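Descriptive analysis of the structure
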Amino acid sequence: MSRLLKNMSRRNEQSWLFQLRLLLWRSFVTAIREFQVIFVQLLQTVVLGLMTGLVFLQINEGNSYLRVQNFGGAFTMILLSVSYTTVYPIVQVLPVESTVLIRDRDNRMYPTWLFYASKFIAELPMNIFFSILFSLITYFLVGLRPEFGAFFLYFSTVFATAIVCKGIAFFISALAFTDPMLGVSLVIPLVVPTMMFSGLFINPNKIPNFLVWMDAVSQFKYEWENFMVNEFQNRSLGSCEGAVTRCFETGDEVLDSLGLVSGTSRINRNMGILVALFISYTVAGLLVLMSRLRFLKR
């Protein structure tokens, strides 16, 4: 490690790619030393995946109206599980390493944005692994659409959820910076509002006009829509003959009743918005981190 720090100190003699490689290696060594954190994340992913899958076990059977309600609840629970298992391990990353970052900044070892980027990249393989694991557990237990294309879109949405939440978590981590407990305290007031105004719990038309913008920036809205469209578009749900309660014969009827738009273009639009939200949160987190470091320097 001392050799690594010595190499990084010769900043002007090295390219940013070389500095990034050293920072990634340091992040990897840190992760190995704190293996219990990865183990807890693995345990959370498996337990929440199994709980969600068992509670909503094979809900693709029975009355179509009840199936729609069950799928809506299952997708909401899936989003909550992915979000919180992603956010909480990350919000303390920058506060825990604040002393190291301040020291390295004072020694001009590397630019702040490179440290920030290395943290994102170092976490990426685990994000992919946990997204695949959670998708495999929940998809088949819940009994979602038995098609490879549908599974891939489901996984892509789970991964997009994790990535957006990762951006939010780093933004919160930058706000807290030198106080690990502050980061944990900020999760609820910053994440829950995006959930409340996503349309999952209240009709968007009932949201006050001055809060309508919250609906547009809620990642849950786009993720939940992707799940529903992926499950119900172009799908037959059976005959409604003799039904005594509300019934749907096709998945497109379900989407129409919810005000959702089917089609590949809609899914691509939602994915594009999620990418934009991820970039926005990430850049905002970097700007906050740089401003915090500048303030501490004074």
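Residues numbered from 1 in each chain as written. Predicted model: local features only at pLDDT ≥ 70, side-chain atom pairs only at ≥ 80, totals over all residues. Heavy atoms only, no water.

**Looking at the confidence of the model for the chain**
Note the threshold: Here pLDDT means the predictor's own confidence in every residue, given as a number from 0 to 100. Each helix is a run of H or I in the DSSP string that is no shorter than four residues. Each strand is a run of E no shorter than two, and both are numbered from the N terminus.
Confidence in the prediction of the chain, expressed as mean pLDDT, is 87, and 93% of residues score 70 or more. Ranking the elements of the chain by mean pLDDT puts helix α1 (residues 2–9) last with 52 and helix α8 (residues 148–176) first with 95.

**Structural notes on the pattern of salt bridges**
The condition is simple: Counted as salt bridges are all cases of a side-chain nitrogen of Lys or Arg within 4 Å of a carboxyl oxygen of Asp or Glu. Buried residues are those whose accessible area, probed at 1.4 Å on protein chains only, stays under 20% of the maximum for their type, while exposed residues exceed 50% and partly exposed ones sit between those limits.
Enumeration according to the criterion identifies nine salt bridges in this entry. With a closest N to O distance of 2.9 Å, D215 and K221 form a salt bridge. The residue R235 makes a salt bridge to E231 at a minimum N-O spacing of 2.4 Å. For the pair R235 and E231, a shared accessibility class is recorded, and that class is buried. Within the structure, one salt-bridge network assembled from shared partners comprises R26, R103 and D104.

**With respect to unusual backbone geometry**
With a phi close to 45°, Q58 is a non-glycine residue in the positive phi region. By the element assignment, Q58 lies in the loop between α3 (35–55) and α4 (64–90). Residue Q58 is classed as partly exposed on the basis of its relative accessible area of 34%. Its identity as a non-glycine residue notwithstanding, F177 has a phi of 40°, on the positive side. With respect to the helices and strands, F177 occurs in the loop between α8 and α9 (180–196). With a relative accessible area of 0%, F177 lands in the buried category.

**Re empty space enclosed by the protein**
For clarity, the threshold we go by: Here a cavity is any set of points on a 1 Å grid over the protein atoms alone where a 1.4 Å probe fits but cannot get out, and a pocket is any open set with protein on both sides within 12 Å along at least 5 of 7 lines; a residue lines the site when it has an atom within 4 Å of a point. Grid points are joined across faces, edges and corners, and a volume is the space filled by probe spheres set on the points. All residues other than Ala, Val, Leu, Ile, Met, Phe, Trp, Tyr, Cys, Pro, Asp, Glu, Lys and Arg, Gly among them, are scored as polar; the first ten of these are nonpolar and the last four charged.
With the rule as written, the count across this model stands at two cavities of 30 Å³ or more. Volume-wise, the largest cavity comes out at about 190 Å³. If you trace the largest cavity, you find 18 residues lining it, with T45, V82, T85, T86 and F130 closest to the centre. Secondary structure elements with two or more residues in the lining of the largest cavity: α3, α4, α7 (112–142) and α8. Tallied by class, residues from the lining of the largest cavity come to nine nonpolar, eight polar and one charged.

**Points about a nonpolar patch on the surface**
We count it as follows: To count toward a patch, a residue needs a relative accessible area above 30% and no salt bridge. Like charges then connect within 9 Å, nonpolar side chains (Val, Leu, Ile, Met, Phe, Trp, Tyr) within 5 Å. In this description, accessible areas are obtained by the Shrake-Rupley approach with a 1.4 Å probe, and a residue is regarded as covered only by the protein chains that are shown.
On the surface, F35, F39, V40, L42, L43, V47, M51 and F129 cluster together to form a nonpolar patch covering roughly 730 Å² of accessible area. Inspection of the secondary structure assignment puts M51 in helix α3.

**Quick notes on helix α6 (residues 98–106)**
As a reminder of what qualifies: The arc refers to the directions leading from the helix axis to the C-beta atoms.
For α6, the set of buried residues is S98, L101, D104 and R105. Taken down its axis, α6 places every buried residue within 135° of arc, on the same side. Backbone geometry just after α6 places R108 at a positive phi near 55°.

**Here's the deal with the layout of surface pockets**
Here the largest pocket defines a volume of roughly 720 Å³. If you go around the largest pocket, you meet 25 residues; those closest to its centre are A31, E34, V37, V93 and E123. Secondary structure elements with two or more residues in the lining of the largest pocket: α2 (16–33), α3, α4, α5 (93–96) and α7. Of all the elements, α2 adds the most residues to the lining of the largest pocket, at six residues.

**Description of the packing of aromatic side chains**
So the rule is basically this: The aromatic pairing rule takes the rings of Phe, Tyr and Trp, using the six-membered ring of Trp, and pairs them if the centres are within 6.5 Å, calling planes under 30 degrees apart stacked, those over 60 edge-to-face and the rest tilted.
Scanning the model with the defined rule gives 20 aromatic pairs in all. With a centroid separation of 5.9 Å and an interplanar angle of 50°, the aromatic rings of W16 and W113 are classed as tilted. Of the two residues, W16 sits in helix α2 while W113 sits in helix α7, which places them 97 residues apart along the sequence. Note on W113: relative accessible area 39%, which makes it partly exposed. On the numbers, 4.3 Å between centres and 25° between planes, the contact of F120 with F170 is stacked.

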